[in-house]
2 protein chains.
Amino acid sequence: MAANILLVEDEPGIQELLKFNLTQAGHQVTAASDAEHALTFLKSTLPDVILLDWMLPGMSGIDLCRRLRSDERYQPIPIIMLTARGEERDKVLGLDSGADDYITKPFSPRELVSRIKAVLRRRAPQMTDDPVEINGLRLDPASHRVVGNGQPLELGPTEFRLLHFFMTHPERVYSRTQLLDQVWGDDVFVEERTVDVHIRRLRLALEPSRHAELIQTVRGSGYRFSAEVG
Amino acid sequence: MAANILLVEDEPGIQELLKFNLTQAGHQVTAASDAEHALTFLKSTLPDVILLDWMLPGMSGIDLCRRLRSDERYQPIPIIMLTARGEERDKVLGLDSGADDYITKPFSPRELVSRIKAVLRRRAPQMTDDPVEINGLRLDPASHRVVGNGQPLELGPTEFRLLHFFMTHPERVYSRTQLLDQVWGDDVFVEERTVDVHIRRLRLALEPSRHAELIQTVRGSGYRFSAEVG
DNA sequence: GCGCCGGTGTCATAAATCAGTCATACTGCT
DNA sequence: AGCAGTATGACTGATTTATGACACCGGCGC
């Protein structure tokens, strides 16, 4: 699960407490005390989740949230808003800032951690280590194993990540560029055609259990992982 | 199992009783009558488990628990809260304060001992001295012996701990860093590649009984202990 | 004190595996 | 047929892991 989390919270005590709890839950936490620091940090690093306090000195959490949502680069990052009791939940929701979830103080660390997991599962399923199974093809991130109809399949690191991404995002076409971003990482500079090669390697690896056809070519668009025919 | 236990309990009678029972069960017990004494003790020694009475003079058990949880040094130590009957409502609070378990007075010594064992197992399964056996490979922490298909195997201290960790955490990949943290300890600064060497030594040690293949390399990720093929 | 010894960590090197690129063959579509 | 997009096989440098050797350390007996 181990996610990189940006925590934006001005109150030192709460900041420490949350940082501690999240670290204990296996996450990597960076804390910022206001919107400015948060933005500065975001220029250099993209976290997996952002925890945003509603009340912040200077630019409020809501404003920051809106601003992040309007920037394509930050758009895919899940945001969880931290709100204090008394700030009517409905009101907060009504202001719809584009956050993925809201959580009201006081909350238990346990709840926060599970909300983070939930949000990750929704936005970036390949980050969780839940096993995935489709059509008899099973991939388990924890043990780093792939099994097709009971038969163990061998695949290299990149093919493993590629398959994991596909299995957590089935029935949808991804362009080569999107796959490079998602599976290789945004910062990598690689030929688009390289994707073809790894798709081929993945198909070869899945062939022994007849699962190669789950990887489908969509001419002119990219590739798709699908249990459907065609 | 022999764990070092810090018991924080203000009532002398109960303190004595618990101390006696736990000592009887083979544990090393240190008693503190309040949070201050507990903290003083903790500055010099880190126990394996902390038993914390909910009601304490001065700083309450819950506060102490929170405080301990906010200190990185004490973070990994399991805490069991002792609560009186009728404080049921506070049970949730106790858990949210970061305690690992709670137990309601009055309780039997037997129950307490088994909860301690359970908590240790959860936090650090390799700390208990229950024998582990997988695929004819048997490791007994109590006697510090490893036997493969009836044949005694010789392994050094580090290899023993490594194998113990693996056998208590099978079917899961661990990175070199994780293994260093878990088997060597967080405070050790050792080259990551050192893990490779010990993996090799462990494999050599397991070879005589053909158990070397239980230690599997997952390229790009780390190592895995598994009874499965591949 | 001295040398032996098992245990550890580090390194250099070999071996294994992988990633990315390219040239070329193939495919479907107009 | 011609074109654009894809598949495939081969190649090479790079990365990752395995292995053997070695130096260091603390304990121990002499």
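What you see is a predicted model, and the numbers here were worked out from it, not measured in a lab. (Residues numbered from 1 in each chain as written. Chains lettered and ligands numbered in written order. Predicted model: local features only at pLDDT ≥ 70, side-chain atom pairs only at ≥ 80, totals over all residues. Heavy atoms only, no water.)

Chemist: Summarise the sheet that holds strand S11 (residues 215–218) of chain B; cite the residues concerned and give the values.
Modeler: Residues and elements named next belong to chain B. Read from one edge to the other, the open sheet built from three strands follows the order S10-S12-S11, with strand pairing classed as antiparallel. The open sheet has two edge strands with one neighbour each: strand S10 (173–174) and S11. Relative to strand S12 (residues 222–225), S11 is paired through four bridges, and the arrangement is antiparallel. Counterpart to Gln216 in the pairing with S12 is Arg224. (Pairing = 2+ DSSP bridges. Helix = DSSP H or I, 4+ residues; strand = E, 2+ residues; numbered from the N terminus.)

Chemist: Can you break down the side chain of Glu9 of chain A residue by residue, with the values?
Modeler: Residue and element names in this part refer to chain A. Mapped onto the elements, Glu9 comes out in the loop between strand S1 (4–8) and helix H1 (12–24). By relative accessible area, Glu9 is classed as buried at 0%. There is a polar contact of 3.0 Å between the side chain of Glu9 and the backbone nitrogen of Glu11. (Buried < 20%, exposed > 50% of the residue type's maximum accessible area, 1.4 Å probe, protein only. Polar contact = N/O pair within 3.5 Å; in protein donor to acceptor, adjacent residues only side chain to side chain.)

Chemist: Can you explain the protein's contact with DNA strand D? Please cite residues and give values.
Modeler: With respect to spatial proximity, 20 residues lie near DNA strand D, and among them Thr217, Gly220 and Tyr223 of chain A together with Thr217 and Tyr223 of chain B are the closest. When the atoms of DNA strand D within 4 Å of the protein are grouped by moiety, sugar and phosphate amount to 70% of the total. One of the side-chain nitrogen or oxygen atoms of Arg200 of chain A is found 3.1 Å away from a phosphate oxygen of DNA strand D. Among the secondary structure elements, those contributing two or more residues to the surface near DNA strand D are helix H8 (193–206) and strand S11 (215–218) of chain A together with helix H8 (193–206) of chain B. Within the surface near DNA strand D, the residues separate by chemical class into three nonpolar, five polar and twelve charged. (Near = heavy atom within 4 Å. Nonpolar A, V, L, I, M, F, W, Y, C, P; charged D, E, K, R; others polar.)

Chemist: Can you lay out the packing of helix H7 (residues 176–184) of chain B against H8 of chain B for me, pointing to particular residues and giving the numbers?
Modeler: Residues and elements named next belong to chain B. Contact geometry of H7 with H8 gives a least axis separation of 9 Å together with a crossing angle of 70°. With respect to H8, the axis of H7 lies roughly perpendicular. Where H7 approaches H8, its residues Arg176, Leu179, Leu180 and Trp184 are matched on the opposing element by Arg193, Val195, Asp196 and His198. (Axes fitted to C-alpha atoms, helices over the stretch in contact; angles between N-to-C directions. Parallel < 35°, antiparallel > 145°, perpendicular 65-115°, else oblique. Contact = heavy atoms within 4.5 Å.)

Chemist: Can you break down helix H1 (residues 12–24) of chain B residue by residue, with the values?
Modeler: Residue and element names in this part refer to chain B. The end-to-end C-alpha distance of H1 is 18 Å, a good match for the 18 Å that 13 residues give at a rise of 1.5 Å each. Among the residues making up H1, those that are buried are Gln15, Leu18, Asn21 and Leu22. Buried residues of H1 fall within an arc of 140° about the axis and therefore sit on the same side. Across from the buried face of H1, at angles greater than 90 degrees, the exposed residues are Pro12, Gly13, Leu17, Phe20 and Gln24. Of the residues one or two after H1, Gly26 is the one with positive phi, at around 95°. (Expected span 1.5 Å × (residues − 1). Arc of directions from axis to C-beta.)

Chemist: Explain the protein's contact with DNA strand C residue by residue, including any values.
Modeler: Every one of the 23 residues lining DNA strand C counts as a neighbour, but Thr158 and Arg201 of chain A together with Thr158, Thr194 and Arg201 of chain B are closest to it. Considering the 4 Å shell around the protein, atoms of DNA strand C inside it are sugar or phosphate in 60% of instances. Within the side chain of Thr194 of chain B, a nitrogen or oxygen atom sits 2.7 Å from a phosphate oxygen of DNA strand C. Among the elements of the structure, helix H6 (157–168) and H8 of chain A together with helix H6 (157–168) and H8 of chain B are those that each provide at least two residues to the surface near DNA strand C. Among the residues making up the surface near DNA strand C, the classes are represented as eight nonpolar, seven polar and eight charged.

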